[in-house]
Amino acid sequence: MIAPTQVDSQVSSQVNGPARAVHSPAGRGLGLGRLFARHPVVSRLVSLGLFFLAWEIAGRVPISYAFPTFTDTLYAFVTMLADGSLVMAYGSTLQPLIIGIAISGVVGVVLGIVMGLSRMAEWLVAPVFVVLQSAPMAALIPLITFVYGIGLVAKTLAVIMLALPVIVLNGYKAVRNANPSLVDMCRSFQGTRLQRITKIIIPDASPVIFAGLRLGLAAGFIGVILAELLITPTGIGDLITYHRSVANYAEMYAAVVSIILVSTLTLAALEAFEIRVLRPEKRRG
Amino acid sequence: MFKGLSGLKSGVAALAVGVALMASSAAEAAKVRIAFGDIASVESLHLLTAFERAKEQGVDIEVTYLKSEDIAAQAVVGGQADIGVGGPYALVQKVKAPIRMFLQLSTLRFYPAVNAQFYKTWKDLNGQEIAVHSRGSGTEAIMKLMEERQGIKFSKISYIPGSEVRTGALLQGNVKATIVDAAGRRLLETQAPGKFIILPLEGVNATDEALFANTAFLEKNAADVDKIVEAILTTWREVTANPAVVTEWRAKYKLLPDLPASQASEIGPYFEELAKGKAFPLNGGGATAAKDDFAFYTLSGQLTGEPASLKVEDFWDTRSLDRVLAKVGTK
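- Per an unreviewed UniProt entry, chain B goes by Nitrate ABC transporter substrate-binding protein and derives from Microvirga aerophila.

- An unreviewed UniProt entry lists chain A under the name ABC transporter permease, with Microvirga aerophila as the source organism.
- Under the heading Subcellular location (unreviewed entry), UniProt records this for chain A: "Cell membrane".
- In its Sequence similarities (unreviewed entry) section, UniProt records this for chain A: "Belongs to the binding-protein-dependent transport system permease family."

### Brief notes about the UniProt feature "domain: SsuA/THI5-like" (unreviewed entry) in chain B
Phase 1 of the analysis: The feature "domain: SsuA/THI5-like" (unreviewed entry), as annotated in UniProt, sits at residues 55–244 of chain B in this numbering.
Phase 2 of the analysis: Span residues 55–244 of chain B is 41% helix and 24% strand, its end C-alpha atoms 23 Å apart.

### Notes on the domain arrangement of chain B
Residues and elements named next belong to chain B.
Phase 1 of the analysis: Examined at the domain level, chain B breaks down into domain 1 (27–108 + 206–328) and domain 2 (111–198).
Phase 2 of the analysis: Using only C-alpha atoms to locate each centre, domain 1 and domain 2 end up separated by 27 Å.
Phase 3 of the analysis: Ranked by residue count, the leading element in the side of domain 1 that touches domain 2 is helix 12 (residues 267–276), at four residues.

### Notes on the sheet that holds strand 2 (residues 61–65) of chain B
Residues and elements named next belong to chain B.
Phase 1 of the analysis: The strand order across the open sheet built from five strands is 2-1-3-10-4, with neighbouring strands paired in mixed fashion. In this open sheet, the two edge strands, each paired with only one partner strand, are strand 2 and strand 4 (99–107). Within the sheet, the average angular offset between the axes of one strand and its neighbour, ignoring direction, is 20°.
Phase 2 of the analysis: For strand 3 (residues 83–86) and strand 10 (residues 207–214), the ladder comprises four bridges, and the chain directions are antiparallel. Bridge assignment links Gly84 to a residue of strand 10, and that residue is Phe212.

### Here we look at the pairing of strand 6 (residues 129–132) of chain B
Residues and elements named next belong to chain B.
Phase 1 of the analysis: Here strand 6 runs beside strand 7 (residues 156–159); their pairing, made up of four bridges, is parallel. The residue bridging Ala131 from the neighbouring strand is Ser158, located in strand 7.
Phase 2 of the analysis: Each parallel crossover has a hand, and the one from strand 6 via helix 5 (residues 138–150) to strand 7 is right-handed.

Criteria and cut-off values
- Residues numbered from 1 in each chain as written.
- Chains lettered and ligands numbered in written order.
- Predicted model: local features only at pLDDT ≥ 70, side-chain atom pairs only at ≥ 80, totals over all residues.
- UniProt positions renumbered as here; feature names shortened; annotations may be inferred.
- Helix = DSSP H or I, 4+ residues; strand = E, 2+ residues; numbered from the N terminus.
- Domains from an automatic or database assignment.
- Pairing = 2+ DSSP bridges.
- Axes fitted to C-alpha atoms, helices over the stretch in contact; angles between N-to-C directions.
- Right-handed = clockwise from strand over helix to strand, strands pointing away.

Right, here's the structure in full:
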């Protein structure tokens, strides 16, 4: 399901790319538009700046007693960074995340490839993951504690529950949709089945498998935060619940924003890596 | 992408709920909407009875059950509920929310429990690990207070939310020292008599739950508030005199009709024990309770500043309580 959307969005961004190039010579009066087109970073910064300005205004109105201004939140963020509480929190939040993603990555890719190659495995396993992917995880995570308690195992499992289905289903779709003409070519060159898999199918599927890993990591971030909010408050989840309980709303928002920031930066870095290494043809000139 | 989408969805849902709540509030302005931070259970039977009695006095009460006390407090601050149940000291002090407490419902009732095999007294806990509910919680504050009073130092405080979870962990031997509620204490005594010791806890008298409301609401609805305060105070006094009566009230007002038999049998012992321990504030707290809370919650981190410098009127509106006490007398 996700693989085509992924491809679609990249195709559409390619389509949008030239469209911008067509516009800019015509719009000589629009200096700002040209600036944005030439330096995409500027437009991103301006968009962020406008968002923070809106936040600051909303905080000063205020829209709620529990809604801090942007500057208060920034101050809280810097304070928490300086006193080490944020770093400590990530130390414990990242543990289940990294273990869970490592397990999901290995198991998910292998399962996905096996399912893509064998109809039998697909019938056996695919429904489980399709169901898991559409299940409301926030309702299922507290159930983990009944069996696995409240420790690291439970949190790692929460990460796996969210990340694994995405990775498996993406891998399986990628392998199943491997370019048929390449497969036919391999067959006409009398390649063995093993050669067909290792030399043609997996390399051809790898960009989409990697995209699945990236989406799995995004889901893993959701999983670890859900676990920390719903199972036991540790790490970032602890910062959020603690500061909420003592009405330190600026600190609470700073913790929430920090996890969004970390997750966005990690995913952006992975995407950059993906484009550079796996899909050089997608690199924007 | 997935994350942004789910955030958007929940945002839309929250907006829809907000609009629905506002619409309902406009339609029925006379209703007193009370927000609970917990689901109704055996522990709230006496309060539910008091609400039924206030209804008999002509107060139209609607009770909503929310996931946590924080959310109940936010509902009151946001005007989607009139009266909340909880102890919103931090909210009042740190964000200057215009809400005031007006009646103390209960004081913190917790029991430090230790595995008798390892520890016998407070002093034995010096340098040992203990488990409490969460960071900044009342249970943590109690243990820190005792640490200070006993001149000991815990090696580590770990957090296990839920008294029943901590009781289970104690029974299974996963933790050796923790702090549990009355139900947990009874469970320890019935499941493993003599295996655990309840350490003495004296002079901890902080508000666990209080009723609070917007100052504007308290001004405008003084008559309704008086009726609620009176209903609760008289109910509290009756429970203290005769705890067994709660079972009768449950039948009379048809409260918690779906309660399983095992829990229904807990009603008697639960209220018996609380009445014996004088857990129901018979005079509604007020200024005395506020002073105790200042001392306790500055220690727990909910409040900041010197306890002596905090003013009762910044947190409490005792006018209704004073009127009712003048009518029914103090005990």
